[in-house]
Amino acid sequence: MERAEYERMHAVEDRMWWYRGLRLLVADLLRRALERSDVAGCALDAGCGTGGMLAKLGASVGSHVTIGLEYDANAAALALAKTQRPIVVGSVTEMPLGDARIAAYLSLDVLCHAGVEPSAALEEARRCLAPNGVAIFNLPAYSWLLSAHDRRVHNVRRFTRGEARRLLASHGFRVVRSTYWNTLLFPLMLLHRLIEKDDAESDVREFPPWQDSMFSALLAVERAAIRCGLRLPFGGSLILVASRDG
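Within each chain, residues carry numbers counting from 1 in the order of the written sequence. Residues qualify for local features only when their pLDDT is at least 70, as the model is predicted, and side-chain atom pairs are given and counted only at 80 or more; totals for whole chains, interfaces and linings, by contrast, use all residues. Side-chain calculation: all heavy atoms of the structure are included, whereas hydrogens and water are not.

Participant: Explanation requested: a nonpolar patch on the surface in the structure shown.
Facilitator: For patch detection, residues must exceed 30% relative accessible area and be free of salt bridges, and they are connected within 9 Å for like charges or within 5 Å for nonpolar side chains (Val, Leu, Ile, Met, Phe, Trp, Tyr). Here the accessible surface of atoms and residues is derived via Shrake-Rupley with a 1.4 Å probe, and residues count as covered only by protein chains that are part of the display. The term salt bridge refers to a pairing of a side-chain nitrogen on Lys or Arg with a carboxyl oxygen on Asp or Glu at a separation within 4 Å. Together, L188, L191, L194 and I195 line one region of the surface with nonpolar side chains, adding up to about 440 Å² of accessible area. Under the scheme used here, helices are H or I runs from DSSP no shorter than 4 residues and strands are E runs no shorter than 2 residues, and both carry numbers assigned from the N terminus. Within the secondary structure layout, L188 lies in helix α8 (residues 186-195). On the accessibility criterion, L188 (48% relative accessible area) is partly exposed. Buried, partly exposed and exposed residues are distinguished by accessible area as a fraction of the type maximum, computed with a 1.4 Å probe on protein chains only: under 20%, between the cut-offs, and over 50%, respectively.

Participant: Could you clarify how one ought to interpret unusual backbone geometry in this entry?
Facilitator: Backbone geometry at N132 places phi at a positive 70°, although glycine is not the residue there. As for its position among the elements, N132 is in strand β6 (residues 129-140).

Participant: Just to check I follow, could you spell out the side chain of T66 for this structure?
Facilitator: Inspection of the secondary structure puts T66 in strand β3 (residues 64-70). T66 gets classed as buried once you look at its relative accessible area, which sits at 0%. A contact between two residues is defined here by any heavy atoms of the two lying within 4.5 Å. In this structure T66 touches A43, L54, L57, G58, A59, S60, V61, R85 and P86, once residues within four positions along its chain are discounted.

Participant: Got a minute to help me understand the packing of aromatic side chains in this structure?
Facilitator: Two numbers describe a pair of aromatic rings. These are the distance of the centres and the angle of the planes. Pairing of aromatic rings covers Phe, Tyr and the six-membered ring of Trp, with a centre-to-centre limit of 6.5 Å; geometry is then stacked below 30 degrees between planes, edge-to-face above 60, and tilted otherwise. Tallying each qualifying case throughout the model produces 12 aromatic pairs. Ring geometry for W144 and F186: centres 6.5 Å apart, planes at 80°, overall edge-to-face. Of this pair, W144 sits in the loop between β6 and α6 (148-152) while F186 sits in helix α8, placing them 42 residues apart in sequence. Residue class for W144 comes out exposed when judged on its relative accessible area of 54%. With relative accessibility at 9%, the residue F186 sits in the buried group. Residues F207 and F215 carry aromatic rings whose centres are separated by 6.1 Å and whose planes lie at 65° to one another, so their mutual orientation is edge-to-face.

Dropping the structure here:
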């Protein structure tokens, strides 16, 4: 992303309903997955941006210390200031980490980025994860929803659940859970995409307090449903919990 987009993200990510909802969902799924795992190592946020997810997780998840990896040095500096966690400057397609050194790998809206080749990133994730290590992927859904927002943040691909599951399986991951989310707001998202102009600004912005609270409440309903084991049939985003095979 351009520096302006990183600065925009840094400014609003702790106050925007979508970011808060994503991080609450990921933190819950990660803690539950690690509770069932005896794999040793750190928890890596690969492509940590300006550090919002790391800040949510804190210094550790259970017995696993948290660290970040970020390609953009400006974003990495913002993440370090925000989290006081170790941030490695590097690419998800060539990570400066040893083999089988991490217990958990987070990839939040990274495989969709123009600067990332998904197969190379997944090969690196598998290399660095310990056997049976946990991986969580969040992805934007449906290629036909590519929009002005995607262009602003340099997203060039979106996924269906089936496409994402097949991609992970082809690189040595066993998908444990997968579901769409941002389902209840999907009709509004679709309407917005249909009427937006080609030069529309990014969706990363502050919303009026009443709207932010309403959207946050709807995402809370979805998190409760996912926590109960339900798989949502469609949505603006897709999340998968996987483990490294063998």
